[in-house]
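For reference, the chains in residue letters:
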Amino acid sequence: MKTITVGFKSITYAIKIRKNLLKSGVNCQLIKLSSKTGSKGCAYGIKFDFADYYAVTAILKESNIPYTFENQ
Amino acid sequence: MIYLDNAATSFPKPNEVIYKTVDFIKNSCGNPGRSSHSLSIKTSEKIYETRENICKLLGIKDKSENVVFTQNTTYALNFALKCCIKSGSHILISDIEHNSVARPIFAMKNTHGISYDIFDSSDVVNSIEKLINKNTKYIVSTLSSNVTGFEIPLPILSKLAQKHSLFLIVDASQEIGHKEINLKKTPCDILCAPGHKSLFGFQGCGFIVFNNTEILGAPLIEGGSGNESISKNMPQHLPERYEAGTLPSPSIVSLNEGINFLNQVTISEIYRHINKLTSELYARFSEIRDINLYGFDNGILSINVDKMDSNFLAEKLDELNICTRSGLHCAPMAHKVLGTLNSGTLRISFSYMNTYDDVDKVYYAVKSIINSYK
């Protein structure tokens, strides 16, 4: 199954979005980003199924929290 | 032992706070926001849950990231004042402030070039409006005196701040957990509070709630934040902007459990209980001619006995295994208002864990000390 990772500058933001996604029925995992990403491994992200892309981006837009899509 | 020093720190803590915090320490206590292993993630989630719980307690939603943890309210107030107050500003503070507000403000006169005036807590509206000048930018005030419990109502402060476009920074140390504070209905810009008093958490945790992020200034402390390590600067975003180093996770988790306990009992029931105990004791003390009373609220009551040092009275009570606090309570400004700057007072402060039996025992103890030593 193809997955997508969204990165956040703060673990607080990552947990906040994860909670909102779980409330909306989107299954996702909180992970530490790899050192190959721009954050050099000092950031956290949410990994989710590609099938949930539109649901996730809608929640991200509503949240007003900065994020980036990551190659993990 | 009878513990009547809850304005200093609450004791005992509810059993569920202790058990759940010990369980956390035994099974889940990693360093939050640092690693990818399950302990670090679990702890991070617990910390986030506490931020959410604080927001719910204060009637605000969706601002969990605006809750910043510190080691106590003194640090919270120092951060709030020294990071967020602009140099050269004019500030209004109340005449009953604790040293955790007073001392930073006095110091900032030299370090930040601020000026300040002191408003009359017994005539807030008129006093503040007379003192406002063209440079006034901030009101900094306690919501309740730690010496007498006397309240400066947040709705009044909030309305004044909004009317005059001033920032409002409040010290909620003695108010939070005793009375409802709703930052949506009666906003302030910053609220500082401890975890270890009426919220029943362990010592080692206080917090700042930034209800308004326009007020943010540069961090006071730089260090590891667990993210953006490559940057030479602290992160710009809350809460990590002001949270350098490892957080006191066990204390924060205990605070979360304390708030859960409060929510089960309800704040209105807690206030009803402590108010009944304090008013009962106040009524009984008022029948003893030798006792001077200084008002009461929020479970706090201060007294003096004629021709008896308040420290002596506290010592004698301690010999009877009754814990109180005497002296100036780190609040010389409040004592100046009371006229007790030279004597101090004996402060008795109740929590939800106290009983009517405690009221009886302290009443008879004070009575017998007066009879024995006068």
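Rules used throughout
Residues numbered from 1 in each chain as written. Chains lettered and ligands numbered in written order. Predicted model: local features only at pLDDT ≥ 70, side-chain atom pairs only at ≥ 80, totals over all residues. Heavy atoms only, no water. Pairing = 2+ DSSP bridges. Helix = DSSP H or I, 4+ residues; strand = E, 2+ residues; numbered from the N terminus. Axes fitted to C-alpha atoms, helices over the stretch in contact; angles between N-to-C directions. Contact = heavy atoms within 4.5 Å. Buried < 20%, exposed > 50% of the residue type's maximum accessible area, 1.4 Å probe, protein only.

Can you help me understand the sheet that holds strand S6 (residues 167–171) of chain B in this one?
Residue and element names in this part refer to chain B. Strand order in the open sheet made by the 7 strands is S2-S8-S7-S6-S5-S3-S4, with mixed pairing throughout. Edge positions in the sheet fall to strand S2 (67–70) and strand S4 (115–119), since each of these pairs with one other strand and no more. Adjacent strand axes in the sheet meet at a mean angle of 20° when their direction is disregarded. With 4 bridges connecting them, S2 and strand S8 (residues 206–210) associate as antiparallel partners. By the bridge assignment, Phe-69 is partnered in S8 with Phe-207. Across the sheet, helix H3 (residues 73–84) is in contact with S2, strand S5 (136–142), S6, strand S7 (190–194) and S8; its angle to S7 comes to roughly 160°. Packed onto the sheet, helix H5 (residues 124–131) meets strand S3 (90–94), S4 and S5 and runs at close to 155° relative to S4.

I would appreciate a short explanation of the environment of Lys-82 of chain B in the present structure.
Residues and elements named next belong to chain B. Take Lys-82: it is sitting in helix H3. With relative accessibility at 28%, the residue Lys-82 sits in the partly exposed group. Sequence separation of Lys-82 and Tyr-356 is 274 residues, and the distance between their C-alpha atoms is 43 Å. With residues up to four places along the chain from it excluded, the contact list for Lys-82 reads Pro-104, Met-108, His-112 and Leu-220.

Can you walk me through the sheet that holds strand S9 (residues 291–297) of chain B in this structure?
Residue and element names in this part refer to chain B. Spatially, S9-S10-S13-S12 is the arrangement adopted by the 4 strands of the open sheet, whose pairing is antiparallel. Pairing within the sheet leaves two strands with one partner each, and these edge strands are S9 and strand S12 (325–327). Neighbouring strand axes in the sheet, compared pairwise and without regard to direction, differ in orientation by 20° on average. The pairing of S9 with strand S10 (residues 300–305) spans 5 bridges and is classified as antiparallel. By the bridge assignment for S10, Leu-293 is matched with Ile-303.

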